[in-house]
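# Residue-level structure breakdown
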Amino acid sequence: MDILLKNLTLIDGTRRAPQENAVLVIRDGKILYAGASSGWSGSQEEVVNLDLGGHFTLPGLIDTHVHLAGSGEVDSQFRSESGAMALKMLSNAQKNLAAGITTVRDLGGWNEVEFIVRDWIQRREFPGPRMSLAGRFISITEVGADYYEGMYRVADGVDEIRKAVREQVKHGADWIKIGVTGAVLVEHGEPGLTHFNEDEIRALVEESTKFGRPVAAHAHGVDGIHKAIRAGVRTIEHGTFLFQDPAVIQLMAEQGIFLIPTLKVGWDIILAKDSNIPAWILEKNKATQGEAELSLKLAYEAGVPIAMGSDVGTPLNFHGENGLEIYWMQQAGMSAIDALVAATGNAARALGWDSWLGTLETGKAADLIVVDANPLEDLRILADQNHLQFVMKEGQVAACHAENDLPPALFAEQVLLIQ
Ligand SMILES: [Zn+2]
């Protein structure tokens, strides 16, 4: 059985302009054809038709930096007993899917519970997004390790680092996450300070590479970013102080290393004026937000590849609002189409999954969202579930509004309701 979505405006997740009167044909969860209706010659198979009335159809969004263990707690304290944590993570994962985020990369889980959640979603016991996991955040001995006990794996020295990497691989990690510098969301943490020594970073990347796992580097300070790049990491998370050294930005552009700027969390904290936010969290974000924006702008202008990562789970940064990160990237200087590509085609490239995911092109997974307004005219539409009509994952409707009149044949076994 083929699925024919017709009369849609196609935004395919490449830099191509929206295409009106397009059709999209899906077979076995994959895209068979996407493009002008005149280019489609018809199916030999039985076909389920759906007229989308001109609505905008784009790839399911990919968020390359989330924390399923957090629900936006004001003090950034994620702690929970294991059973409760599993439910919390599942609930957060489903909020992503219901908001059109069909793929997430978790860069700091909790006591390995996220692996169980991923497995149960993969086995279709529960609906949820596709998940790429890093397991624990590998860190030097420092204050954050106590604060985020359960998320951190402390490792000092080359031997312990190799062991820490092996543990994540054993648990089923797709990525290895390293805290190269201090953090904003750790009290007394110094984001500019390089934590690991260069031999330690190199050993971590070497060990990860041996197991075929790419490395995501949490790095604010430019010295740490430089060392991470030289060691061979694939993504730089945050990159707040990149603006201090154009040569490092140039190096990222030349080597195709992705920047994941995570601007939303700072804005959520600054704009909320929530008196429950600890003063140190507010002050540190106020101090660095402008610099983080400038760093993104300079990196973007220099041709550094950018991927969307919202850091949802952090204070007041709620699962399901991820799409606002795309808007904030535009506000910092990216074009609307490039910000959107950062959350689709480029995000898939950052994950190394672009051969089968991230754009609406022949052969790719049929993960898509349908919205009733043009997101390129206002990217905030992507975080407004009133505009979201339905979400498809692998060619099946996985989330939709209750009143949606979709053919029953299109539905997955379990479907989430969009609020
Ligand atoms: Zn994070």
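Now for a quick tour of the structure. (Residues numbered from 1 in each chain as written. Predicted model: local features only at pLDDT ≥ 70, side-chain atom pairs only at ≥ 80, totals over all residues. Heavy atoms only, no water.)

### With respect to the sheet that holds strand S10 (residues 152-154)
Cut-off, in case you're wondering: Following DSSP output, two strands are said to pair if at least two bridges run between them. Under the DSSP-based scheme used, a helix requires at least four consecutive residues in state H or I and a strand at least two consecutive residues in state E, with every element numbered from the N terminus. Each axis is a line fitted through C-alpha atoms, and for a helix only the stretch in contact is used; angles between axes span 0 to 180 degrees, taken between their N-to-C directions.
Strand order in the open sheet formed by six strands is S10-S9-S11-S12-S13-S14, and the pairing between neighbours is parallel. Looking at strand neighbours, the two that pair on one side only are S10 and strand S14 (258-260), the edges of this open sheet. The sheet shows a mean angle of 30° between the axes of neighbouring strands, direction not considered.

### Focus on the coordination of the zinc ion
The cut-off we apply is this: Each metal's donors are the N, O and S atoms within 2.8 Å of it, or within 3.2 Å when it is Na, K or Ca, and because water is not part of the set, sites may look incomplete. In this scheme, a residue with accessible area under 20% of its type's maximum is buried, one over 50% is exposed, and one in between is partly exposed, where area comes from a 1.4 Å probe on protein chains only.
The coordination sphere of the zinc ion, as far as protein atoms go, consists of His-65 (NE2), His-67 (NE2) and Asp-311 (OD), spread over 2.0 to 2.3 Å. In the primary structure, the donors to the zinc ion are separated according to the pattern H-x1-H-x243-D. Classification of His-65 by relative accessible area gives buried; the value is 0%. In this structure His-67 comes out as buried when scored by relative accessible area, which is 5%.

### Structural notes on a nonpolar patch on the surface
Counted only if it meets this: Put simply, a patch holds well-exposed residues, over 30% relative accessible area, that have no salt bridge, with like charges counted together within 9 Å and Val, Leu, Ile, Met, Phe, Trp or Tyr side chains within 5 Å. The Shrake-Rupley method, run with a 1.4 Å probe sphere, supplies the accessible areas, and residue values consider only the shown protein chains as cover. By convention in these notes, a salt bridge is any Lys or Arg side-chain nitrogen within 4 Å of a carboxyl oxygen on Asp or Glu.
A contiguous nonpolar patch, built from Ile-116, Trp-120 and Phe-126 and spanning about 280 Å² of accessible area, is present on the exposed surface. For Trp-120, the position within the fold is in helix H2 (residues 113-122). A relative accessible area of 36% places Trp-120 in the partly exposed class.

### Regarding the sheet that holds strand S6 (residues 61-66)
Read across the sheet, three strands follow the order S6-S7-S8 without closing on themselves; strand pairing throughout is parallel. Of all strands in the sheet, those bounded by a partner on one side alone are S6 and strand S8 (130-133). The mean angle between the axes of side-by-side strands here comes to 15°, regardless of whether they run parallel or antiparallel.

### Looking at the packing of aromatic side chains
Formally: Stacked, tilted and edge-to-face pairs are distinguished by plane angle, under 30 degrees for stacked and over 60 for edge-to-face with tilted covering the rest, among Phe, Tyr and Trp rings (Trp via its six-membered ring) whose centres lie within 6.5 Å. In this scheme, the term charge over a ring applies when either NZ of a lysine or CZ of an arginine sits within 6 Å of the ring centre and within 35 degrees of the ring normal.
Under the defined criterion, the tally for this structure stands at 11 aromatic pairs. Summarising the aromatic geometry, the rings of Tyr-33 and Trp-40 are spaced 5.5 Å apart at their centres and angled 35° between planes, so their arrangement reads as tilted. We classify Trp-40 as partly exposed; its relative accessible area is 21%. The interplanar angle of 10° and the centroid separation of 4.4 Å between the aromatic rings of Phe-137 and Tyr-152 together place this pair among those described as stacked. Of this pair, Phe-137 sits in strand S9 (residues 137-139) while Tyr-152 sits in strand S10; the two residues are 15 residues apart in sequence, bridging distant segments of the chain. For the pair shown, Phe-137 and Tyr-152 are each scored as buried. Positioned above the aromatic ring of Trp-175 is the side chain of Arg-105, whose terminal nitrogen or guanidinium carbon lies 4.3 Å from the ring centre. The cationic tip of Arg-123 hangs over the ring face of Trp-120; the distance from NZ or CZ to the ring centre is 4.7 Å.

### Quick word on unusual backbone geometry
A positive phi angle is found at Ser-76, which is not glycine, with a value near 65°. Along the chain, Ser-76 turns up in the loop between S6 and helix H1 (82-98).

The quantities given are spatial measurements derived from coordinates; they are silent on function.
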